[in-house]
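# Summary of structural features
Listed here are the chains, written in short residue letters.
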Amino acid sequence: EPEVTQTPSHQVTQMGQEVILRCVPISNHLYFYWYRQILGQKVEFLVSFYNNEISEKSEIFDDQFSVERPDGSNFTLKIRSTKLEDSAMYFCASRLRLAGSADTQYFGPGTRLTVL
Amino acid sequence: LAKTTQPISMDSYEGQEVNITCSHNNIATNDYITWYQQFPSQGPRFIIQGYKTKVTNEVASLFIPADRKSSTLSLPRVSLSDTAVYYCLVEDLRNQGGKLIFGQGTELSVKP
């Protein structure tokens, strides 16, 4: 079964540093997402991406965050200047999303980001 | 998006059937009901999705009454490995962005 992959599995960084989290969505999927989950809290939507542009973003996704699909396979989340409160699990997801069809989002295993 | 309400936690024993009920009183005509499962330190995993009546797959069954204001996820004969958090979500398939809004979920603990 195809799966979403994410690297690295764990990233430790110093406050103020830039980090790039990488994802390889399922190959024929059209929509891509980033979510985060702070320890002990619920999964929160960050951003959705379609046709090489952001289709929706949450209020969490401020100017410190950016997303990119640099080639046909990778989807990245960049945090420009990390803060302590950015420590969380970051999940990438993708879905095919044919018009009017019921389908699901497939989530990756996550990257645990620790900001010191 | 319709708000969902589900129990915060449930306990069960191996071999029992577990039913987790979710209420979504404000569900709209175009909304589907989707359930996800999440193990600690892993991404959510799709379990089942339905619109009305009953849906069954190899993992679970989903029961949706005619008014669609609630739904029940049924896990037959649970094992220890079914210990996880289960999320009930309502999705509008007309929303091209398709973001998922997670609640707190139901933390299911299966004991031997």
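In this report, the structure presented in the accompanying data block is examined. If you're wondering where the values come from, they're calculated on a predicted model, not measured in any experiment. (Residues numbered from 1 in each chain as written. Chains lettered and ligands numbered in written order. Predicted model: local features only at pLDDT ≥ 70, side-chain atom pairs only at ≥ 80, totals over all residues. Heavy atoms only, no water.)

Before going further, it helps to examine the overall build of chain A. When helices and strands are counted, chain A shows zero helices and 11 strands. Scanning chain A from its N terminus toward the C terminus, one meets helices and strands in the order β-β-β-β-β-β-β-β-β-β-β. At 14 Å, chain A has a C-alpha radius of gyration in line with the 13 Å of a compact globule built from 116 residues. Taken over the C-alpha atoms alone, chain A extends approximately 45 × 25 × 25 Å along its principal axes. Summed over all atoms, the accessible surface of chain A reaches about 5,800 Å², with 48% contributed by carbon and sulfur. Placing the 11 positive and 14 negative side-chain charges of chain A at their respective mean positions leaves the two points 1 Å apart. (Helix = DSSP H or I, 4+ residues; strand = E, 2+ residues; numbered from the N terminus. Rg over C-alpha atoms; globule rule 2.2 N^0.38 Å. Areas by Shrake-Rupley, 256 points an atom, 1.4 Å probe, with all protein chains shown as cover. Lys, Arg positive; Asp, Glu negative; His and termini not counted. Charge placed at Lys NZ, Arg CZ, Asp CG, Glu CD.)

Time to look at the pairing of strand 4 (residues 31-37) of chain A. All names here are of chain A. Of all seven residues in strand 4, seven are buried, a share of seventy percent or more. Burial along strand 4 is two-sided: the face carrying Tyr31, Tyr33, Tyr35 and Gln37 and the face carrying Phe32, Trp34 and Arg36 are both buried. Of the pairings in the sheet, the one linking strand 4 to strand 5 (residues 44-50) comprises six bridges and is antiparallel in character. For Tyr33, the partnering residue across the bridge sits in strand 5 and is Ser48. Here strand 4 hands over to strand 5 after six residues, with Gly40 in that stretch at a positive phi of 85 degrees. Bridge count for strand 4 against strand 9 (residues 88-95) is seven bridges, and the pairing is antiparallel. Directly across from Phe32, in strand 9, lies its bridge partner Ser94. (Buried < 20%, exposed > 50% of the residue type's maximum accessible area, 1.4 Å probe, protein only. Pairing = 2+ DSSP bridges.)

Before going further, it helps to spend a moment on the interface of chain B and chain A. With 23 residues of chain B at the interface, the matching set in chain A holds 24 residues. In total, chain B and chain A occlude about 1,900 Å² of area from one another, counting both sides; carbon and sulfur atoms represent 48% of this. For the pair chain B and chain A, the interface holds two salt bridges. Between Lys99 of chain B and Glu56 of chain A there is a salt bridge, with the nearest N and O atoms lying 2.7 Å from each other. The tally of links between chain B and chain A comes to six residue pairs in polar contact (both at pLDDT 80 or more). Taken together, the elements giving at least two residues each to the side of chain B that touches chain A come down to strand 3 (31-38), strand 4 (45-50) and strand 8 (84-92) of chain B. Class assignment for the residues of the side of chain B that touches chain A results in eight nonpolar, 11 polar and four charged. (Contact = heavy atoms within 4.5 Å. Buried area = accessible area lost by both parts, 1.4 Å probe. Salt bridge = Lys/Arg side-chain N within 4 Å of Asp/Glu carboxyl O. Polar contact = N/O pair within 3.5 Å; in protein donor to acceptor, adjacent residues only side chain to side chain. Nonpolar A, V, L, I, M, F, W, Y, C, P; charged D, E, K, R; others polar.)

For the rest of this paragraph, the subject is the packing of aromatic side chains. By the definition in use, this model includes 15 aromatic pairs over all chains. A connected cluster of aromatic rings, assembled from ring pairs, spans Tyr33, Tyr35, Phe45 and Phe107 of chain A together with Tyr36, Phe46, Tyr87 and Phe102 of chain B. Over the face of the ring belonging to Tyr51 of chain B we find Arg68 of chain B, whose NZ or CZ atom lies 3.9 Å from the ring centre. (Phe/Tyr/Trp six-rings, centres within 6.5 Å; stacked < 30°, edge-to-face > 60°. Lys NZ or Arg CZ within 6 Å of the ring centre and 35° of its normal.)

Another aspect to go through is the pairing of strand 5 (residues 53-56) of chain B. Residues and elements named next belong to chain B. Note that strand 5 and strand 6 (residues 61-64) share four bridges and pair antiparallel. Bridging from a neighbouring strand, Val55 pairs with Leu62 of strand 6. Hairpin connection, strand 5 to strand 6: the antiparallel pair is bridged by four residues.

Moving on, we get to the sheet that holds strand 2 (residues 18-23) of chain B. Residues and elements named next belong to chain B. The strand order across the open sheet formed by four strands is 2-7-6-5, and the pairing between neighbours is antiparallel. The open sheet has two free edges, formed respectively by strand 2 and strand 5, since each of these has just one partner strand. Recorded for the sheet is a direction-independent mean angle of 15 degrees between the axes of neighbouring strands. (Axes fitted to C-alpha atoms, helices over the stretch in contact; angles between N-to-C directions.)

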